[in-house]
Amino acid sequence: MNSDRVVVVTGASRGAGKGIALALGETGAKVYVTGRTQREGVSSLPGTVFATAEEINRRGGTGVPVIVDHNDDSQVQGLFEQIRETDGRLDILVNNAFAVPDSLTVPGPFWEKPLTLLDMFNVGMRSSYVSSYYAAPLLQANGKGLVVNTSSFGGACYMHGPAYGAGKAAVDKMAHDMAVDFRLFNVAVISIWMGILTTERTLGALAANPGTYDELIASAESPEFTGRVIDALAWDPQLMNRSGQVLIGAEIARELGVTDINGYQPPSHRPSLGNPPVFSDAVIE
């Protein structure tokens, strides 16, 4: 991977996507950032794709904001057609776009929550497949590359209910199966379990409940941490050996010598939240 690499980070107006885009942009990459938020005030949380792109520029990369509703396949197709016409290649795709329903963290059984929780299947599970589908010809032609699905321990433990868990387990398995198809083209596909992140949403919850989550937040990862891990993986000579795996970001960071923006190495939550899945090597076509 070169410092002039071309990257796509979906869902990068704020949160993990913004942090990943900034970390990769800081390496000098050209980063296409997608999202729906065009101006402040439209969302209840701060951030726009334009603000993310501008910050990438300030950090020495090239930020390219593209308004994309990942519910609309034609808009996703248009994004990758733009990249094909402008750059002719793609080095890294980060599938991070994710719908977060307001009722996600409301306590209670799933049947007492609205069916809008299934939006996570569209922007999250399905959108990761669609973006990978349209990115594939660019990655294949490039002769090498990396696809990352951002995921969480919710793929293995009960977290926010069955809709959230099913969506995360799905992108984990998707990474494994896509890796089989991509292997001949030297393109690695990995799912990364992130820890607790200090996103705008999390910080807002902390402000509303001062002192409640102090111990938990002490071990949190910055939104940029996963971007640093992805950068290290992209340079890792063992990358293809990792392809198809579900990795815990904090563990890979420790192995590859990656620290967070404050120089801290966040802990793995494996002991309390569970192990990543190990899939069969069998291939049935």
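For the structure, see preceding data.
Attention in this report is confined to the structure presented alongside it. (Residues numbered from 1 in each chain as written. Predicted model: local features only at pLDDT ≥ 70, side-chain atom pairs only at ≥ 80, totals over all residues. Heavy atoms only, no water.)

Details of the sheet that holds strand β4 (residues 92-95)
Put simply, the rule reads: At least two bridges found by DSSP between two strands is the condition for calling them paired. Starting at the N terminus, helices and strands are each numbered in turn, a helix being any DSSP run of H or I of at least four residues and a strand any DSSP run of E of at least two. Note on definitions: angles span 0 to 180 degrees between N-to-C directions of axes, and those axes are lines fitted to C-alpha atoms, for helices only across the stretch in contact. Working rule for contacts: check all heavy atoms of both residues, and any pair within 4.5 Å makes them a contact.
Overall, parallel pairing links the seven strands, which are arranged β3-β2-β1-β4-β5-β6-β7 in an open sheet. A single partner strand is all that each edge strand has here, and the edge strands are β3 (62-67) and β7 (246-248). Recorded for the sheet is a direction-independent mean angle of 20 degrees between the axes of neighbouring strands. Where strand β5 (residues 145-152) meets strand β6 (residues 187-194), eight bridges bridge the pair, whose relative direction is parallel. Counted as the bridge partner of T150 is I192 from β6. Each of β2 (30-35) and β3 is contacted by helix α2 (residues 49-58), which is oriented at about 170 degrees to β3, the strand it contacts most. Along the sheet face, helix α3 (residues 73-86) touches β1 (6-9), β2, β3 and β4 and points at about 165 degrees away from the line of β2.

Some details on the side chain of S219
Looking at the secondary structure, you find S219 in the loop between α7 (214-217) and α8 (225-235). Beyond its immediate sequence surroundings of up to four residues, S219 is in contact with Y264, P266, P267 and H269.

Brief notes about the environment of V33
The topology assignment puts V33 in strand β2. Along the backbone, V33 and M194 are 161 residues apart, and their C-alpha atoms lie at a distance of 20 Å.

With respect to the packing of aromatic side chains
For clarity, the threshold we go by: Note on ring pairs: Phe, Tyr and Trp rings are taken, using the six-membered ring of Trp, and paired if centres are within 6.5 Å. Classes follow the plane angle, with under 30 degrees stacked, over 60 edge-to-face and the rest tilted. Two limits define a charge over a ring: the Lys NZ or Arg CZ must be within 6 Å of the ring centre, and within 35 degrees of the ring normal.
Per the counting criterion, the structure on display carries four aromatic pairs. Of note, K168 hangs over the ring of F98, and the distance from its end group to the ring centre comes to 4.0 Å. A cation sits over an aromatic face here: K173 above F279, 5.9 Å from the ring centre.

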